[in-house]
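Overview (structure and organization)
Here is what each chain is made of, one letter per residue.
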Amino acid sequence: MSAKLKIQSKPSGAGAKRVVDALLAWFAANARDLPWRRTRDPYAIWVSEIMLQQTQVKTVIPYWERWLRELPTIAALADTAPEKIHKLWEGLGYYTRVRNMQKAAQMIVEKHHGRFPENFNDILALPGIGRYTAGAIASIACNQPAPILDGNVIRVLTRLHGITENPREKKTNARLWKLAEELVMQAAPQSPRSSRREEAHSKSRNGQSLLTSAATNENACSHLNQSLMELGALVCTPRSPQCGICPVNKSCVARKQNSQEQLPNLGKREAATARRFIAFVAERRGKFLVRQRPAGVVNAHLWEFPNVELGEGGARQSSARRSEVVERRRARSDAPYHPGDFRLTSPAPLCIIKHSITRYRITLEAWRAKLTNSSAKTAGVWLTRRQLHQLAFTSAHRKILLTADAG
Ligand code: SF4
């Protein structure tokens, strides 16, 4: 792919050049050999970038490999059934991302003849792609000098420049984008090189092919952006950054001021809110009652066991109080069930799952139960274990299913 982003004038600062040279040399020697680093296919890189939002690298690798095996092209993604993409995404969470990917793939087929667009603004116009993701695809796949700014890059840049203002504030955020842009502009080659030459590979220590051409600057924009992300992930970590081995430690203001642990200054965190749910594992003649979450709610279209949200005190509350709390909750949620629809049949919970969604700390108790209100069954369907395993469940309810399997 050719570079379509307009290259503005490079900053001439010797400081920026020193930082860029140090980052490129460090990346060439230390980059992890990740599967999406062995390709320049923008589709494959796009999939990795979307999966890596909110998810760790080691978790993403098997998802990414399976995804590309099952849906190797943009056209395959555009055409596939929504149930299949939900199943392939099961466990990664934030399912709006995968639905947007399919909409974007359909738009690429319609507007760009199935070829991933090369123009930065065309990439940015795709559903679910913001400035960061567009910059990541344009720079990593096309070596365009497009800046990127994610949590890792924010941490590196605020420390490197000793920026004490909150990076979420508009002015500071704009300053960080500018700094990221200056670095990638500094890395940009003076003249475009052929994309073939940019695909030059060398052998890494474990013998696998890995892009390591930083010394010749043939992938400099791509590597510079990836080096910032990699430094934030491996060295300039939120706690106990390894400043002693950091390639830019001589330029780092936070290190000089010993303020690394105070930066970035993200302000006060919103207090976490505890929420409690009870799920009912109702089995009848080898089938379980489950339901699909409706559109427009968190985890829309995914499957789950019947469940209700409880107030403080949860299952130990008096039933009158519990009903009142549930009714209040139900008024502003999509829950179609009532605790009175079920009778608990196990002496203890099947399992208790604790997890977090945004600022909510959620406790989910799953109980074996019997459906007592036959009209409530219309909110769900009875399915065999085999059928359940073909559906995409929310992560928490997948754990309930696996526990029910084991029990
Ligand atoms: Fe981060 Fe330390 Fe490097 Fe500064 S010197 S960028 S704080 S790891």
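Above this text is the structure in question.
Okay, so let's go over this structure. These figures come from a predicted structure and were not determined experimentally.

Right, let's talk about the overall build of the protein chain for a bit. A tally of regular secondary structure across the protein chain gives 16 helices and ten strands. Evaluated residue by residue, the protein chain yields a buried proportion of 49% over its 407 residues. Within the protein chain, residue pairs in contact and separated by at least 24 positions form 67% of the contacts whose partners lie at least 6 positions apart. Accessible area for the protein chain stands at about 20200 Å²; split by element, carbon and sulfur atoms hold 51% of it.

Further remarks concern the site of the ligand. Residues in contact with the ligand, as listed here, are Arg159, Val235, Cys236, Pro241, Cys243, Cys246, Val248, Asn249, Cys252 and Gln260. Of the residues in the shell around the ligand, the class split is seven nonpolar, two polar and one charged.

Next up on the list: a positive patch on the surface. A cluster of basic residues, Arg284, Arg285, Lys287, Arg343 and Lys370, forms a positive patch on the protein surface. Tracing the sequence through the fold places Arg285 in the loop between strand 3 (273-284) and strand 4 (287-292). Using a relative accessible area of 76% as the deciding quantity, one classes Arg285 as exposed.

Turning to the side chain of Arg398, a few remarks are in order. Summarising the element assignment, Arg398 is placed in helix 16 (residues 395-406). With relative accessibility at 14%, the residue Arg398 sits in the buried group. Of note is the side chain of Arg398, whose polar atom sits 3.3 Å from the side chain of His389. For Arg398, the contacting residues outside a window of four places in its chain are Lys87, Glu90, Leu388, His389, Leu391 and Phe393.

Right, let's get into the nonpolar core. Counting residues in each nonpolar core, the largest one holds 81 residues, and the members touching the most others are Trp46, Trp67 and Leu157. Of all hydrophobic cores here, the second largest spans 20 residues; its members include Val281, Phe288, Cys351 and Ala404.

Moving on, we get to helix 16. Here helix 16 is twelve residues long and its end C-alpha atoms lie 17 Å apart, about the 16 Å a rise of 1.5 Å per residue gives. Along helix 16, the positions that sit buried rather than exposed are Ala396, His397, Arg398, Ile400, Leu401 and Ala404.

Apart from glycine, the bulk of residues carry a negative phi angle, and the bulk of peptide bonds sit in the trans form. Cis geometry marks the peptide bond from Leu263 to Pro264, where omega comes out at -5°. Relative to the helices and strands, Pro264 resides in the loop between helix 13 (253-257) and strand 3. In the Ramachandran plot, Asn143 falls in the positive-phi region, its phi being about 55° despite a non-glycine side chain. For Asn143, a relative accessible area of 5% gives the class buried.

Time to look at the packing of aromatic side chains. Scanning all chains against the criterion turns up seven aromatic pairs. Pairing Trp67 with Trp89 gives two aromatic rings, centres 5.7 Å apart and planes at 80°, and the pair type is edge-to-face. Pair noted here: Trp67 is in helix 3 (residues 57-70) and Trp89 is in helix 5 (residues 82-89), with a separation of 22 residues, a long-range link. A residue is classified by how much of its surface remains accessible, and Trp89, at 0% relative accessible area, is buried. Following the ring pairs from residue to residue traces out a cluster consisting of Tyr43, Trp46 and Phe116. The lysine or arginine in question, Arg275, covers the ring of Tyr360, its NZ or CZ lying 4.7 Å from the ring centre. If you follow Arg284 out to its NZ or CZ, it ends over the ring of Trp382, 4.2 Å from the centre.

Turning our eyes to something else, we now look at the pattern of salt bridges. Per the stated rule, a full pass over the model turns up 15 salt bridges. Residues Lys178 and Glu181 are paired through a salt bridge, measuring 3.8 Å at the closest nitrogen-oxygen approach. Linking Lys178 with Glu181, this pair stays in helix 10 (residues 170-187), spanning three residues, or about one helical turn. Arg291 serves as the salt-bridge partner of Glu304, at 2.8 Å between the closest nitrogen and oxygen. Here Arg291 lies in strand 4 and Glu304 lies in strand 5 (residues 303-304), a separation of 13 residues in the sequence. The two residues Glu304 and Arg291 agree in class, both being buried. Within the structure, one salt-bridge network assembled from shared partners comprises Arg32, Arg37 and Glu230.

Moving on: the packing of helix 5 against helix 6 (residues 96-112). Interaxial distance between helix 5 and helix 6 falls to 10 Å at its minimum, and their mutual angle equals 135°. The angle between helix 5 and helix 6 falls in the class oblique. Regarding helix 5 and helix 6, the two cross each other, and that crossing is right-handed. Mapping the contact onto sequence places Pro82, Ile85, His86 and Trp89 in helix 5 and Arg97, Val98, Arg99, Met101 and Gln102 in helix 6.

It is worth spelling out the side chain of Arg37 at this point. You can see Arg37 is positioned in the loop between helix 1 (14-30) and helix 2 (42-52). Here Glu230 takes part through its side chain, which lies 2.9 Å from a polar atom of the side chain of Arg37.

Moving on, we come to the packing of helix 2 against helix 8 (residues 131-142). Closest axis-to-axis distance for the helix 2/helix 8 pair is 10 Å, and the angle between their directions is 140°. With respect to helix 8, the axis of helix 2 lies oblique. For the pair helix 2 and helix 8, the crossing hand works out as right-handed. Contacts between helix 2 and helix 8 pair Pro42, Ile45, Trp46, Glu49 and Ile50 from the former with Tyr132, Thr133, Ala136, Ile137, Ile140 and Ala141 from the latter. Split into classes, the residues belonging to the contact of helix 2 with helix 8 amount to nine nonpolar, one polar and one charged.

What counts, and where the lines are drawn
Residues numbered from 1 in each chain as written. Predicted model: local features only at pLDDT ≥ 70, side-chain atom pairs only at ≥ 80, totals over all residues. Heavy atoms only, no water. Helix = DSSP H or I, 4+ residues; strand = E, 2+ residues; numbered from the N terminus. Buried < 20%, exposed > 50% of the residue type's maximum accessible area, 1.4 Å probe, protein only. Contact = heavy atoms within 4.5 Å. Areas by Shrake-Rupley, 256 points an atom, 1.4 Å probe, with all protein chains shown as cover. Near = heavy atom within 4 Å. Nonpolar A, V, L, I, M, F, W, Y, C, P; charged D, E, K, R; others polar. Patch = residues over 30% accessible without salt bridge, like charges linked within 9 Å, V, L, I, M, F, W, Y side chains within 5 Å. Salt bridge = Lys/Arg side-chain N within 4 Å of Asp/Glu carboxyl O. Lys, Arg positive; Asp, Glu negative; His and termini not counted. Charge placed at Lys NZ, Arg CZ, Asp CG, Glu CD. Polar contact = N/O pair within 3.5 Å; in protein donor to acceptor, adjacent residues only side chain to side chain. Core = buried A, V, L, I, M, F, W, Y, C linked by side-chain atoms within 4.5 Å. Expected span 1.5 Å × (residues − 1). Phe/Tyr/Trp six-rings, centres within 6.5 Å; stacked < 30°, edge-to-face > 60°. Lys NZ or Arg CZ within 6 Å of the ring centre and 35° of its normal. Axes fitted to C-alpha atoms, helices over the stretch in contact; angles between N-to-C directions. Parallel < 35°, antiparallel > 145°, perpendicular 65-115°, else oblique. Left-handed = near helix turned anticlockwise from the far one by under 90°.

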